[in-house]
Amino acid sequence: MRVFHFSEEPYPNAWTPDAESLRITLPNSECDPKTAADLYHRYLDEWQLADELGFDIMVNEHHETATCLTASCHIILAILARITKRARLLALGVPLANRSDPQRVAEELSMIDVISRGRFEMGFVKGVPFEPPVANINPARMMDRLWEAHDFILKAMSTHTGPFNWEGDHYHYRNVNIWPRPWQQPHPPVWITASSIGSAKAIAERGHVLATFLIGYKTRELFDSYRAVYQATHGTMPGPDRFAYLALAGVGNTSAEGIARATEVKRYLDTTGIVYEPFRSPPGYAPVADNVRVMRAIANGQSARMVPTKTGEMIDVTKNFTTEKAMDAGLVFAGTPNEVYEQIVDFDQYAGGIGNLLLMLQGGALSHEDTADSMTLFAKHVLPRLKEYAANRPQTADAAE
Amino acid sequence: MQRNTARFNREAKDRGMQIIPSIPPRTQTVRDQAIEIFEQGSGEPLLFLHPARGLDGCEAFLGALAKSHRVIAPSHPGFGRSDAPYWMNTVEDLAYFYLDFLDALGIDRFTLSGSSFGGWIAASLATKLQKRISSLVLIDPLGIKVSGREQRDIADVFAMKRTDLMAAMFHDPKVGAFDMKALSDDQLTIIARHRKSEVLFAWSPYMHDPKLKSRLHRIDARTLVIAGASDDITKPEYAKAYAAAIPGAQFREIAEAGHLPMIEQPDACVRAVAEFLAG
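Residues numbered from 1 in each chain as written. Chains lettered and ligands numbered in written order. Predicted model: local features only at pLDDT ≥ 70, side-chain atom pairs only at ≥ 80, totals over all residues. Heavy atoms only, no water.

Asks: Would you explain the overall build of chain B in this entry?
Replies: Summing up its helical and strand segments, chain B has ten helices and eight strands in all. Scaling as 2.2 N^0.38, a compact globule of 279 residues should have a C-alpha radius of gyration of about 19 Å, and chain B matches this with 17 Å. Overall size of chain B, expressed as C-alpha extent along the three principal axes, is 45 × 45 × 40 Å. Split into buried and exposed, the 279 residues of chain B put 58% on the buried side. Carbon and sulfur atoms provide 47% of the accessible area of chain B, an area that totals close to 11,100 Å². The distance from the centre of the 34 positive side-chain charges to the centre of the 34 negative ones in chain B is 2 Å. (Helix = DSSP H or I, 4+ residues; strand = E, 2+ residues; numbered from the N terminus. Rg over C-alpha atoms; globule rule 2.2 N^0.38 Å. Buried < 20%, exposed > 50% of the residue type's maximum accessible area, 1.4 Å probe, protein only. Areas by Shrake-Rupley, 256 points an atom, 1.4 Å probe, with all protein chains shown as cover. Lys, Arg positive; Asp, Glu negative; His and termini not counted. Charge placed at Lys NZ, Arg CZ, Asp CG, Glu CD.)

See below:
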C-alpha cells in the first residue's frame, strides 16, 4: 500500500464563518501575496518532509478560490520534481475538461516526468462544477472533452515517429510532436477519478487506476463495478494497485490530539462547498436524470448530500457533520497511530483492497508543527505496519471473500 | 381573445408554470429526428420558435394567433421532448435544422416569430431564407453583440440566483414561479433538458453569434422587433439596436412586461402583432 500526502494549499486567512462564497466570486483583495508566498513555501516544505518520511505525494488544483492556492498542479509538481528525491508525484488531478489546450498539457506533464526521472503519476479529473465559468468551458459535454483529451495526450506521449494531426470533436491540431517525450514508456501511469458506478466502466476498460474521494461506504460498490468490468475486459481481477481512496486524517500522541488535528483538517469539508449559489451546479454538468433527482430532493426539503455509515445509517453531510460522524462515514481516519492503523485496515478490508491511500494530512489552518508531527507519527508508526499488512493480504477482492 | 391578460396572469399565479404547454402535442419526423410539435388553427402558417424555457405560458398568445393562422410551435432539438443528434451544438445548427423542418412540413411561405433564444434562431433562419418569410416578429431576441468587449448586452442567466433571475426576466416575478414540489418527474426532466440544452447551445460566445449582426442585412421580410419595457435580461435598447440592423424593421415596446412579453402581456403582444401583420 502506497500512502500519498495531500494538501490543497488552503488560504484559511480569508475564510470568514458567514462567507457567502469562498470561491469564484471572492475578490482577490482578500489575498495578501506575502501571506500566499509564506503558505506556498510552507506547503512545499511539508511535501519535502513527506518525501523524506516515505510518503508519496499528491497535488491537485482549483481556480479562483481561497480554498486552494494551487492554481496549477503543474507548477507545484515542477518544483517538487526537482526538490524531492524518491516520492511518486501524483497530479490528481489535471482538470482536463477545463483545459482548452491538451497539447500544452502533454508537453508540461512530460517535462515533469523527465525532470523527476520518471516519478510522475498522471491523474485526470473532470473538474468540479464551480469551475466551468472560470475556464469558460461548456459544462454540457465535459466528460466527452475529458476522454478526447485523454486519448490525445496518450497518443502525443507515445508517438515517436514525428508529427501527427488531430481533428476531433473538441480539439484540433496540425503538428503534434512533443519534446521532451516522457521518461516512463509508453507514458506515466494514468489515474482517473469517479464517484458513481456508471463512470467506473470507461476507467476499468482502459485498466487505469480508479481514484475516489470521500465517498466512504459507497466505495465498495464503486470498486466492485470496476472489478466486474475489468475482469470482463482483461480476463483477470484487478489488484489493489488499481484503486485509490482519498480520506482526511489526523494522527496524535493521544486520541484527542489526533481527532483535534483531523478536526482542523476537516475544515476543508466544511468550507469546500461554500460557493455562490448559481455556480454550485451549472446546467449540463450532471446528467439530466441526476438533476431530476436533486430537484426532487430539494423540493421535498431533503439534503442531496447524504452518506452512509458502515452499518448503513444515512448521515446528512450538510448538518452538524462532526468529526466523529465523518469518521463513522469513513471520510476521516483519526486518533493515535494504533487507532488510525486499525481504522485504515478496517476500511481496506471493507473496500476489498486499496493499493493507494490518499491522505489529506494538512487542511484548514492546521499549523506546520501539528502537520509535521501528524505526518511523522504516521510515517513512523502506521506506514510500516500498513506496508506489512498489505504485503500479506490477498491480492484480489475475490480471494478476500 | 379567449382569455384576457389579467385573467391569464391570475391563473398563472394560481397554478404556477406547468413546464409542458397545455396544447395537445404531435410528433413530426425530420430527417430521422422525432420532433414534438404543438399545432393549432388554420390559415397561413406561422412558425413560433420558443424561448429557452419552452412554450409553457405562451398558450394565450399562440391561441389568439391561431384564430387567423395555422400556428406551428415545435420544441427545438434538445428541448421539450424533441431529439437532437450529437453534432448539433450551435444556434446555426438549429437554424439549418429549421430549413429541414420547413421542407418536412412542406411549408413554402410563412410568418416567422421567435422569442429570446427562439428569436435568435428566427433571426439566423431569416438570413438564410429570402423571399419565403412574409413577416418576421422578433420578441426580445438574443443572438447579436452590440456593445463593447467589457460590457454585457445580455444578463448572465447562469450566474444569477433564481430570485434575481425571475426579477430580471419578468415585470411581475410571480408570473414565472412554479412549485417544484407539485411537478412530476416528466416535468422536472423537461426543465433539466431545457437547462442543459440552453447551456449546450449558448454558453460561449454567451447567448450570441459574433457574426450574426453582420448578416442581418440579408433579412428581406417585413420585420417587427418587440421589447418588454421592464426587460432586464436584454434592455429595450438592445432590441432597438437589433431592429436598426434589419432593413426597415419596426420597433415596439410593450409596457409592464419583462423579457417574455407574450407570457406577461399576451393581449398587448397579440394587438401589436395583428396591427403589424395588417399594416
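Right, picking up where we left off after that structure.
Asks: Honestly, the overall build of chain A in this entry has me stumped. Any pointers?
Replies: Scanning chain A from terminus to terminus reveals 15 helices and 13 strands. On the principal axes, the C-alpha backbone points of chain A span a range of 60 × 50 × 45 Å. Per-residue burial over chain A gives 58% buried out of 401 residues. Here chain A displays about 16,400 Å² of accessible surface, and carbon together with sulfur accounts for 52% of that area.

Asks: When you look at the interface of chain A and chain B in this model, what are you seeing that I'm missing?
Replies: Buried accessible area, meaning the area lost when the parts come together, often serves as the stated size of an interface. Across the boundary between the two partners, chain A contributes 25 residues, which contact 24 residues of chain B. Summing both partners gives a buried area of about 2,200 Å² for chain A against chain B, and 62% of it is carried by carbon and sulfur. Scanning the region where chain A abuts chain B turns up two salt bridges. Of the charged contacts in the structure, one is a salt bridge between Asp185(B) and Arg296(A), with a shortest N-O distance of 2.8 Å. Of all the elements in the fold, those that place two or more residues in the side of chain A that touches chain B are α4 (132–135) and α10 (288–299) of chain A. (Contact = heavy atoms within 4.5 Å. Buried area = accessible area lost by both parts, 1.4 Å probe. Salt bridge = Lys/Arg side-chain N within 4 Å of Asp/Glu carboxyl O.)

Asks: Is there a simple way to explain the sheet that holds strand β3 (residues 44–49) of chain B in this structure?
Replies: One key point about sheets: their strands pair by backbone hydrogen bonds, in either a parallel or an antiparallel sense. Residue and element names in this part refer to chain B. Spatially, the eight strands line up as an open sheet ordered β1-β2-β4-β3-β5-β6-β7-β8, and their pairing is mixed. Strands at the two margins of the open sheet, each flanked by one partner only, are β1 (25–30) and β8 (250–254). Direction aside, neighbouring strands of the sheet carry axes that sit 25° apart on average. Direction of pairing for β3 relative to strand β5 (residues 110–115): parallel, over a ladder of four bridges. Counted as the bridge partner of Phe48 is Ser113 from β5. (Pairing = 2+ DSSP bridges. Axes fitted to C-alpha atoms, helices over the stretch in contact; angles between N-to-C directions.)

Asks: Before we go on, may I ask you to explain the pairing of strand β6 (residues 172–176) of chain A in this structure?
Replies: All names here are of chain A. Of the pairings in the sheet, the one linking strand β5 (residues 164–167) to β6 comprises three bridges and is antiparallel in character. Within β6, the position partnered with Glu167 by the bridge is His172. Here β5 folds back onto β6 in antiparallel fashion, the turn holding four residues.

Asks: I'm lost on the packing of aromatic side chains in this one. Help?
Replies: Pairs of aromatic rings are described using the distance from one ring centre to the other and the angle between the two planes. Residue and element names in this part refer to chain A. Enumeration according to the criterion identifies 25 aromatic pairs over all chains in this entry. For the ring pair Phe333 and Phe347, a centre distance of 5.9 Å and an interplane angle of 65° mean the geometry is edge-to-face. Of this pair, Phe333 sits in strand β12 (residues 332–335) while Phe347 sits in helix α12 (residues 337–351), placing them 14 residues apart in sequence. Here Phe347 falls in the buried class, since its relative accessible area comes to 1%. Aromatic pair Phe347 and Tyr350: ring centres 5.3 Å apart, planes at 50°, arrangement tilted. Within this pair, Phe347 and its partner Tyr350 are both found in helix α12, separated by three residues, close to a single helical turn. (Phe/Tyr/Trp six-rings, centres within 6.5 Å; stacked < 30°, edge-to-face > 60°.)

Asks: Please explain the confidence of the model for chain B as it appears in this structure.
Replies: Close inspection of predicted coordinates is inappropriate for parts of the model with low pLDDT. Summary statistics for chain B give a mean pLDDT of 93 and a share of 94% for residues scoring 70 or more. Throughout residues 1–5 of chain B the model reports pLDDT below 50, and contacts reaching past four residues in sequence, or to other chains, amount to 17 contacts. (pLDDT = per-residue confidence, 0-100.)

Asks: Just checking my understanding: could you explain unusual backbone geometry for this structure?
Replies: Glycine aside, residues mostly have negative phi angles, and peptide bonds mostly take the trans form. All names here are of chain A. Residue Gly93 is reached from Leu92 by a cis peptide bond, and omega for that bond is -5°. Take Gly93: it is sitting in strand β3 (residues 89–95). Residue Trp179 is joined to Pro180 through a cis peptide bond whose omega torsion reads -5°. Secondary-structure assignment places Pro180 in the loop between β6 and β7 (190–193).

Asks: What's the story with helix α1 (residues 33–53) of chain A in this structure? I'm lost.
Replies: All names here are of chain A. Here α1 contains 21 residues, and its C-alpha end-to-end distance of 30 Å stays within 8% of the 30 Å for a straight helix at 1.5 Å per residue. Within α1, burial applies to Ala36, Leu39, Arg42, Tyr43, Leu44, Glu46, Trp47, Leu49, Ala50 and Asp51. Taken together, the buried residues of α1 touch β1 (2–6), β2 (56–59), α2 (73–83) and α13 (368–381). Its side-chain oxygen placed 2.9 Å from the backbone nitrogen of Lys34, Asp32 serves as the N-cap of α1. Among the residues trailing α1, Gly54 stands out with phi positive, at a value near 105°. (Expected span 1.5 Å × (residues − 1). Polar contact = N/O pair within 3.5 Å; in protein donor to acceptor, adjacent residues only side chain to side chain.)

Asks: Sorry, what's going on with the side chain of Thr65(A) here?
Replies: Residue and element names in this part refer to chain A. By secondary structure assignment, the location of Thr65 is in the loop between β2 and α2. A residue is classified by how much of its surface remains accessible, and Thr65, at 12% relative accessible area, is buried. Not counting residues up to four positions away in its chain, the partners in contact with Thr65 are Leu22 and Arg23.

Asks: What am I meant to see in helix α4 (residues 117–128) of chain B here?
Replies: Structural remark: α-helix, 3.6 residues per turn; residues separated by three or four positions point the same way. Compared with an ideal rise of 1.5 Å per residue, which puts twelve residues at 16 Å, α4(B) spans 17 Å between its outermost C-alpha atoms and is within 8% of the ideal. The element α4(B) is largely enclosed, with a buried count of eleven among its twelve residues.

Asks: I would appreciate a short explanation of empty space enclosed by the protein in the present structure.
Replies: Evaluated as defined, the whole model comprises two cavities of 30 Å³ or more. Estimates place the volume of the largest cavity at around 70 Å³. Around the largest cavity, the lining is made up of 13 residues, and of these Ile19(B), Pro21(B), Glu36(B), Ser75(B) and Gly80(B) lie nearest the centre. Mapped onto the lining of the largest cavity, the elements with two or more residues apiece are β2 (33–40) and α6 (185–202) of chain B. In terms of residue class, the lining of the largest cavity is made up of six nonpolar, five polar and two charged. Lining of the second largest cavity is provided by Glu8(A), Pro10(A), Trp15(A), Thr67(A), Tyr268(A), Thr271(A), Met360(A), Gly363(A) and Gly364(A). By residue class, the composition of the lining of the second largest cavity is four nonpolar, four polar and one charged. (1 Å grid on protein atoms, 1.4 Å probe; cavity = no way out; pocket = protein on both sides within 12 Å on 5 of 7 lines; lining within 4 Å. Points joined across faces, edges and corners; volume = space filled by probe spheres on them. Nonpolar A, V, L, I, M, F, W, Y, C, P; charged D, E, K, R; others polar.)

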